[in-house]
Amino acid sequence: MGRTTVNSGVVHELLVELDRTMPVPLHRQIEAALRAGIRAGRLPLGTSVPPSRRLAAELGVSRGVVVEAYDQLVAEGYLTSTPGSYTRVAAGPGQAAPHRAPAPAAPPRIDFGYGRMDATAFPRAAWLRSLKRVVTHAPHDKLNYLDGYGMPELREALADYLNRARGASASASHVVITSGFGQAVGLIVDVLARRGARRIAVEDPSADDDIRPLAEVRGLEVVGLPVSEDGVSSS
């Protein structure tokens, strides 16, 4: 057993017991003892632990064993180490080691992901003007919950646009407003599964990562179809 007391009073009492008959490596035993002391409050937050060379001498182990234990506890967030200074306790009693999230990767300059829009082209000013106008003049009942198909005025506007710009033959009664791509695909996949479908074909490349989990939950196989200049090819 090693008992260390730092004369400066920074560390009041540090108990580390090493059992060389155990198959557990010595540095793991040191880690466990210090971790338990921090969690129990015997080593308060901000307390300095003994220098690795001193603790190694008192425990009768090489300095590298203590350094390895300290490094692991620093990585877990229980200790913090600054070059030229003491290694200190970084977690309080009963407190889990703080989670250190990895640094976020720098975003790509150009995102070539499928289905990703150029957000810089979003018409913010026109959107805000329209939103302000609608919120100001819309009847109060239009701000309440509507039926599951969506607001009739929006469905009529979408049907008119599809007919005019896409050559469709749509009516407002056949338009359903969803909260986004995920809900729309979920509804389509659900309808297909209920009608006995076993396979769903999507463009390749496509938003396969978004569709596949929804399809697999409902027992559907996702098949990719190649896309050429003329559109989807079924051959």
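Our structure is the block above this text.
Quantities reported herein were computed from a predicted structural model and do not represent experimental measurements.

(A) Just the pattern of salt bridges, in detail. One pass over the full model with this rule turns up eight salt bridges. Where Glu-31 meets Arg-28, a salt bridge forms, and the shortest distance between an N and an O atom there is 3.2 Å. Residue Glu-31 and its partner Arg-28 are both found in helix H1 (residues 26–40); the two are separated by three residues, about one turn of the helix. Judged by relative accessible area, which is 3%, Glu-31 ranks as buried.

(B) Region of the structure containing helix H4 (residues 124–137). The end-to-end C-alpha distance of H4, which contains 14 residues, comes to 20 Å, matching closely the 20 Å that a straight helix rising 1.5 Å per residue would cover. When you tally the buried positions in H4, you get zero out of 14 residues, a small fraction of the element.

(C) Representation of the sheet that holds strand E3 (residues 48–49). Taken in spatial order, the three strands make up an open sheet running E3-E5-E4, and their pairing is antiparallel. If you trace the sheet from one side to the other, it starts and ends with E3 and strand E4 (79–81), each paired once. Pairing of E4 with strand E5 (residues 87–89) involves three bridges; the strand directions are antiparallel. Looking at E5, one finds that Thr-80 is bridged to Arg-88. Its contacts with the sheet place helix H3 (residues 63–76) against E3, E4 and E5, and it is angled at close to 105° to E4.

(D) Molecular detail of the environment of Asn-163. Relative to the assigned elements, Asn-163 resides in helix H5 (residues 152–165). Setting aside chain neighbours within four positions, we find Asn-163 in contact with Ala-168, Ser-169 and Ala-170.

(E) Expanded view of the nonpolar core. In this structure, Ile-30 and Leu-79 are the most contacted members of the largest nonpolar core, which totals 22 residues. Of all elements in the fold, only H1, helix H2 (52–59) and H3 reach the threshold of two or more residues within this core. Looking at which element gives the most residues to this core, the answer is H3, with six residues. If you look at the next biggest cluster of nonpolar residues, it comprises eight residues, including Val-185, Val-189, Val-202 and Ile-211.

(F) Representation of H1 in the model. Taking 1.5 Å per residue, 15 residues should reach 21 Å; H1 reaches 21 Å between its end C-alpha atoms and fits that length. Listed in full, the buried residues belonging to H1 are His-27, Gln-29, Ile-30, Glu-31, Ala-33, Leu-34, Arg-35, Gly-37 and Ile-38. At the exit of H1 stands Gly-41, carrying a positive phi of roughly 90°.

(G) Representation of the sheet that holds strand E6 (residues 199–204) within the structure. Strand order in the open sheet formed by three strands is E6-E7-E8, with mixed pairing between adjacent strands. Because the sheet does not close on itself, it has two edges, and the strands there are E6 and strand E8 (231–232). Here E6 pairs with strand E7 (residues 221–228) via six bridges, running parallel. Residue Arg-199 lies in a different strand from E7, and its bridge partner there is Glu-221.

(H) Layout of the packing of H2 against H3. Where H2 meets H3, the closest approach of the two axes is 8 Å, and the angle between their N-to-C directions is 120°. For the element pair H2 / H3, the angle class is oblique. The chirality of how H2 crosses H3 is right-handed. Taken together, the residues of H3 that come into contact with H2 (itself represented by Ser-52, Arg-53, Leu-55 and Ala-56) are Arg-63, Val-66, Val-67 and Tyr-70. Of the residues in the contact of H2 with H3, the class split is five nonpolar, one polar and two charged.

(I) Region of the structure containing the side chain of His-27. By the secondary structure assignment, His-27 is in helix H1. Once residues lying within four places of it in the same chain are set aside, the contact partners of His-27 are Val-65, Glu-68 and Ala-69.

(J) Spatial organisation of the packing of H1 against H3. Direction vectors running N to C along H1 and H3 enclose 50°, while the axes themselves pass 8 Å from each other. Regarding the angle of H1 to H3, the classification is oblique. In the packing of H1 onto H3, the handedness of the crossing is right-handed. Between H1 and H3, the residues in contact are Leu-26, His-27, Arg-28, Ile-30, Glu-31, Leu-34 and Arg-35 and Val-65, Val-66, Glu-68, Ala-69, Tyr-70, Gln-72, Leu-73 and Glu-76, respectively. Residue composition of the contact of H1 with H3, grouped by class: eight nonpolar, two polar and five charged.

What counts, and at which threshold
Residues numbered from 1 in each chain as written. Predicted model: local features only at pLDDT ≥ 70, side-chain atom pairs only at ≥ 80, totals over all residues. Heavy atoms only, no water. Salt bridge = Lys/Arg side-chain N within 4 Å of Asp/Glu carboxyl O. Helix = DSSP H or I, 4+ residues; strand = E, 2+ residues; numbered from the N terminus. Buried < 20%, exposed > 50% of the residue type's maximum accessible area, 1.4 Å probe, protein only. Expected span 1.5 Å × (residues − 1). Pairing = 2+ DSSP bridges. Contact = heavy atoms within 4.5 Å. Axes fitted to C-alpha atoms, helices over the stretch in contact; angles between N-to-C directions. Core = buried A, V, L, I, M, F, W, Y, C linked by side-chain atoms within 4.5 Å. Parallel < 35°, antiparallel > 145°, perpendicular 65-115°, else oblique. Left-handed = near helix turned anticlockwise from the far one by under 90°. Nonpolar A, V, L, I, M, F, W, Y, C, P; charged D, E, K, R; others polar.

In short, shape yes, function no, at least from these values alone.
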